[in-house]
Structure formats: structure tokens, C-alpha cells
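# Overview (structure and organization)
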There are 2 protein chains.
Amino acid sequence: MKIQFVSKALKPLSISLAIVLQSCSPKQPAETDKPPVSDFMYQYSIIDALLGGVFDGNLTLGALKTKGDFGIGTFNRVDGELIVDQGKVYKISYDGSIREVPDTDSTSIAFVKFFKADTTFTVKGTTLDQLEKQLLAVLPANEMYAIRMKGHFEKLTSRAPGPARKPYPSLKDHLAKQQYLFNLSNTDGVVAGFLLPGYIAKVNVPGFHFHYLANDHKSGGHIFDFTAAELTVEIDKIQGYTVELNTHADFDKVGLDKDRQEELKKIE
Amino acid sequence: MKIQFVSKALKPLSISLAIVLQSCSPKQPAETDKPPVSDFMYQYSIIDALLGGVFDGNLTLGALKTKGDFGIGTFNRVDGELIVDQGKVYKISYDGSIREVPDTDSTSIAFVKFFKADTTFTVKGTTLDQLEKQLLAVLPANEMYAIRMKGHFEKLTSRAPGPARKPYPSLKDHLAKQQYLFNLSNTDGVVAGFLLPGYIAKVNVPGFHFHYLANDHKSGGHIFDFTAAELTVEIDKIQGYTVELNTHADFDKVGLDKDRQEELKKIE
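Residues numbered from 1 in each chain as written. Chains lettered and ligands numbered in written order. Predicted model: local features only at pLDDT ≥ 70, side-chain atom pairs only at ≥ 80, totals over all residues. Heavy atoms only, no water.

All names here are of chain B. Counting buried residues in strand β3 (residues 40–44) gives 5 out of 5 residues, a clear majority hidden from the surface. Burial along β3 is two-sided: F40, Y42 and Y44 and M41 and Q43, pointing in opposite directions, are all buried. Where β3 lies against strand β16 (residues 240–244), 5 bridges are found, and the strand directions are parallel. Bridge pairing in β16 links Y44 to E244. In this structure, β3 lies alongside strand β10 (residues 109–113), joined through 3 bridges in antiparallel fashion. (Buried < 20%, exposed > 50% of the residue type's maximum accessible area, 1.4 Å probe, protein only. Helix = DSSP H or I, 4+ residues; strand = E, 2+ residues; numbered from the N terminus. Pairing = 2+ DSSP bridges.)

Here it is, written out as C-alpha cells:
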């Protein structure tokens, strides 16, 4: 089945989406002697704990990789942005440098999945905002999606945090002093992230949440905005999600009653 | 390790809790040739979908049993209260009758776990409210717990809903017409349920949520209140939770933006 549609609302950038629904059937294991790959998102800790200053966790990246080959997050002490693509975990540090991270390092929060596209399409000439509006118009709002995008970005704005020192402040206060912005031009790379429903608030980020990794591994970060010349967009509809509670002692001490949705919007 | 404490605040019923911390180490599989039993709660669908009138689901009870041997929920059409104890699924119907349910029946929402007590203690002379306050005083608020109680109840008030007809109303409107109350006296039985943190709102029920099954299988239901002569309380601290999204077509159609916390408090 092929569905092709041309956006009328976004003529200035002449977006053309050719959506190919590759498969809507349940995921099949790649090899018959392996257990079926999970179609659930896995996450360690919850976003409101991070917002409240729980900056350490006990999950190694080696363990994280057993839960998914694709995703986003951060590291202990909020030491950079985390992106997982094709089974490899990368750190984008505050100085803009990128490195693959050893399995023994730990994360305080991460969201991963075994990525398998259900839907793939290409977009020419779009901003992030325009693309998000297009996706919201066609994707049922109560479902969950992992989204992977590859292409050429004329402009891309991202950030990475510097590591925090104890006693840890709230994430908002930490980023007010330790957020480093990257204004990238003509960069080729991959975007990893999720589109999640409102009912996951407090546990994860409602709406879109994307991290970036340049193909040359020389730039990346948590994405604020982009303009893309050409993008291949892969969408993986998710069957559900697993939340593993953070076992670090700080998790039991943080107050989680406060409504932090406005705080979250300001830093995302 | 044994911890024993006597409540001072609750003298009228002379509550005495003898808490025996049996084990706080990670769960071990019962037999070495079987995979380790999950320490996660599993749930099908989310509470706000049920509140909004998504009364049907596609999960069979046979499939539910593979996710846990203990828990609570309801059936398609909100046809009675669901309780799972020691691997068996029971329906408490609106007329107060109880029956074990075939694996081929389906549920629109259920919360289950493989129950293994970490903590067991006995209580003499307590109301539900008093017991809940005691538990909240000692259990870290950001964690999750499955709770199983067995004993003799001098009084117990519960309810079961009658089945709904299409087009389905909201759960609140359905219960306004189709909720049947049971005022039980001197009944022996088992209570199954959970204590969950506030951040799970919209997805599950924050706070306590209990269902009841009498030992003689002649009464039960969603618990509103009880006075217990003697109770054995088992607590199973939970490592995390998995949410499987309801695949029924109604799930994509329901509006989930509305804040239904007040609605939930009125019917729980």
C-alpha cells in the first residue's frame, strides 16, 4: 500500500511527503531462533525526577543496550546529551565533542526502543515546526511513536549541558548556568527521538523530543530547531512502554508532587 | 531483621504492626531452568481511557495471566470487577455472584504482577483508612507496591458495576446508574491491590486501589471501606511497570486531554 500526499498549507517550503506504509503487522523476529524483539519503549527513571535534581542513576549503558538500539537520554551528573542509534551509544558533551561511550558508564535517565520503521517517507524543505505539525495531523494522538530522521540540515540549533556538581540543583537551574548552544549549518546526520501522548506527563516528555548526531560525529545535541533541505523520516509505532524506577537513593528523596510541565516546556 | 512498632495515633483500635522484612534483595527465579519472574507491574490500557468510556479491549485473560498471577481490573463492557489471586481470574458481578473466568474472555483494563512478598506483617483491629495512613507513613512515596491482605473483616463495603450498553457513557455516568453496593459483615477473604505514586496519574490510580474476594467465593468487589479484626498484610515492592496500549479502535477515538482526577476520586 502506498499513500502519497502533498501538503498545501506549507507551500513556502514546498514540502512533499511520500508516505510508504511498509508494514502495520506485528513485528517479526529477525531470526527464528531468537526471541521476538520488543515493540515497547523502555525507559529508566522518570522525567520529573530529573527535573527535580535526580542527576544520578544506576543503569549501565551495557544494560541499556539490552533494552533498545535507538533512543535518547542523558548521563550521570547530566554530563552531556545521550543518543543511541543502530545500537551504539554516543555522548554529546558541552564542548560539542562526540564520543562513543563505554558500556560501564551509567545513565540517570534514558528512553530506548528496538527501532523498526512501520512508515517511511521523504520530506524536502521543512522546518522542524512544520514537520511536527504535519505529523500531528496524521498520527493518532493517543498512540506513541519512535521517530528517526536522516538528511541534510541547512540549519540546526541544539544544546548540551555541562556536568553538574553536588548538591544538585533543579534541571532548570542547572541549565540556566550550564547549557551550551550549538548553531550548526549545512550538517548531515541523524535525528533520534519520540512523539509521546499527554498522559505520559511527569514520566516522560509529552510531544516531540529529539536529539541529533552528525554523520561525521563532530556535532550534535538536544534539538531546539532545524531547517532541512531533504529528510528521510522513519516512524515506528510503539505498542506500549516500560518504566524502570531509578534505584539511586536520591530518587526516594525528591518531591514529585510539583507540577513541572511549564518548567519542562522552558528547557525542552 | 525484624522491626516491630506500635501505633500511638490509632489507640482506639489498638493497632499493632509486627513488620518482618523478609527480603529486600532482587527476586530469584523459583527454579534455575526457568527465566526469572518479572518484578514489574503490567497493565493493559490506561485508567483515563476507561474513565472516558473505552469499555472494550482486546486482551484475553489467558494473555493477562502470562503477565502476572495477582492483580485487579475489569472486563469488557465494565461487566463486573476483576481480581486475580494465585493465578486465577475471578469476576465479581453486579448481582454479587463470583465465578472463575475462562481464558478466552477479554479485559478492557487490568493491572497485574507476579506477586512475591518482600514484607509481611499482621494487624489487629484496623479500618482501611487507618491502615492506609500507617502504610503511607513508612513506605517511600515515590515507589510502587503490590499489596495482598488476608483476614477477617467485621465489615466491608464494596461495589461491582453492571455491564454497559453502547454507545458507552463515561465511567462516572455509567456508575451513577449501574453501581451495586455490597455491605458485608463478618467475612473472611483476600484483598488484592496496589499503592501507586502520583506521577502515574492518567495511566493508573494514584494511591491505594483494592478489590476483594471472600474465601467462600460468595462475595467481593471494588473496596470502599473495611474494618478488620485481624489481617495479614503482604507488601511487594515493584521495580517498575509496563503499559500496553489498548488496541481496540475506541482507544484512538477517546479524548485524553481532560483532567479526570476529581472524577476518579468520586468513583474510587
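Next, the rest of the story.
With that settled, consider the pattern of salt bridges. Evaluation of the coordinates by the stated rule reveals 30 salt bridges over all chains. Between A:D48 and A:K202 there is a salt bridge, and its shortest N-O distance comes to 3.5 Å. Highlighted residues: A:D48 in helix α1 (residues 47–51) and A:K202 in the loop between β13 (179–196) and β14 (207–214), separated in sequence by 154 residues. Given a relative accessible area of 16%, A:K202 falls into the buried group. For B:K65, the salt bridge identified is with B:D103, shortest N-O distance 2.7 Å. Of this pair, B:K65 sits in helix α2 (residues 61–65) while B:D103 sits in the loop between β8 (98–100) and β9 (106–107), placing them 38 residues apart in sequence. On the accessibility criterion, B:K65 (24% relative accessible area) is partly exposed. Judged by its relative accessible area of 37%, B:D103 is partly exposed. Through salt bridges with shared partners, one network takes in A:D39, A:K113 and A:D236. (Salt bridge = Lys/Arg side-chain N within 4 Å of Asp/Glu carboxyl O.)

Going through the model one piece at a time under the given rule, you end up with 15 aromatic pairs over all chains. Relative to A:F226, the ring of A:F153 has its centre 4.9 Å away and its plane inclined at 70°; by these criteria the two rings are edge-to-face. Of the two residues, A:F153 is situated in strand β12 (residues 144–161) and A:F226 in strand β15 (residues 220–238); the sequence distance between them amounts to 73 residues. By relative accessible area, A:F153 is classed as buried at 0%. Judged by its relative accessible area of 1%, A:F226 is buried. On the basis of an interplanar angle of 45° and a centroid distance of 4.6 Å, the ring pair of B:F70 and B:F115 is categorised as tilted. With a gap of 45 residues between them, B:F70 in strand β5 (residues 70–74) and B:F115 in the loop between β10 and β11 (119–127) connect regions that are remote in the sequence. The class for B:F70 is buried, based on a relative accessible area of 1%. On the accessibility criterion, B:F115 (17% relative accessible area) is buried. Among the aromatic side chains, those forming a connected cluster through ring pairs are A:F70, A:F115 and A:F194. Its end group placed over the ring of A:F75, A:K91 keeps NZ or CZ at 4.7 Å from the ring centre. (Phe/Tyr/Trp six-rings, centres within 6.5 Å; stacked < 30°, edge-to-face > 60°. Lys NZ or Arg CZ within 6 Å of the ring centre and 35° of its normal.)

Okay, the side chain of B:D79 next. The residue B:D79 is located in the loop between β5 and β6 (81–85) in this model. Polar contacts involving the side chain of B:D79 include one to the side chain of B:K91, which spans 3.1 Å. (Polar contact = N/O pair within 3.5 Å; in protein donor to acceptor, adjacent residues only side chain to side chain.)

On to the interface of chain B and chain A. Across the boundary between the two partners, chain B contributes 23 residues, which contact 22 residues of chain A. Regarding the contact of chain B and chain A, the summed buried area is about 2,100 Å², with carbon and sulfur atoms giving 55% of it. When the buried surface of chain B facing chain A is broken down by residue, B:N142, B:Y199 and B:L245 rank first, second and third, together holding 31% of it. Where chain B meets chain A, there are 0 salt bridges. On inspection of chain B and its partner chain A, the count reaches 11 residue pairs in polar contact (both at pLDDT 80 or more). Residue assignment for the side of chain B that touches chain A shows that the elements contributing at least two residues are β16 and α5 (249–253) of chain B. Broken down by element, the side of chain B that touches chain A gets its largest block of residues, 5 residues, from β16(B). Here strand β16 (residues 240–244) of chain A pairs with β16(B) via 5 bridges, running antiparallel. Looking at β16(B), one finds that A:V243 is bridged to B:Y241. (Contact = heavy atoms within 4.5 Å. Buried area = accessible area lost by both parts, 1.4 Å probe.)

Between chain B and chain A, the superposition needs a rotation of 180° and an axial shift of 0.0 Å, giving an RMSD of 0.0 Å. Accordingly, the operation relating the two chain copies is best matched by a two-fold axis. Residues of chain B ranked by C-alpha distance from the rotation axis are headed by B:T242, positioned 2.0 Å from it. (Least-squares fit on C-alpha atoms with pLDDT ≥ 70 in both.)

Right, let's talk about the nonpolar core for a bit. Residues A:I147, A:F226, B:I147 and B:F226 are the most contacted members of the largest nonpolar core, which totals 138 residues. Beyond its immediate chain neighbours, meaning those up to four positions away, A:F226 contacts A:T126, A:T127, A:L128, A:L131, A:M149, A:F153, A:K155, A:L156 and A:L231. (Core = buried A, V, L, I, M, F, W, Y, C linked by side-chain atoms within 4.5 Å.)

This brings us to helix α4 (residues 171–178) of chain B. A turn of α-helix holds 3.6 residues, and therefore any two residues three or four places apart point the same way. Residues and elements named next belong to chain B. Turning to α4, its buried residues number three or more, namely L171, H174 and L175. On an axial view of α4, the arc spanned by its buried residues comes to 95°, and they lie on one face. Set apart from the buried face of α4 by more than 90 degrees, the exposed residues are A176 and K177. Looking at the buried residues of α4, the elements they touch are α1 (47–51), β12 (144–161), β13 (179–196) and α6 (261–267). (Arc of directions from axis to C-beta.)

Residue and element names in this part refer to chain B. Secondary-structure assignment places N215 in the loop between β14 (207–214) and β15 (220–238). Take N215: its relative accessible area is 45%, and that puts it in the partly exposed class. Not counting the four nearest positions on each side in its chain, N215 is found in contact with K150, D188, G189 and V190.

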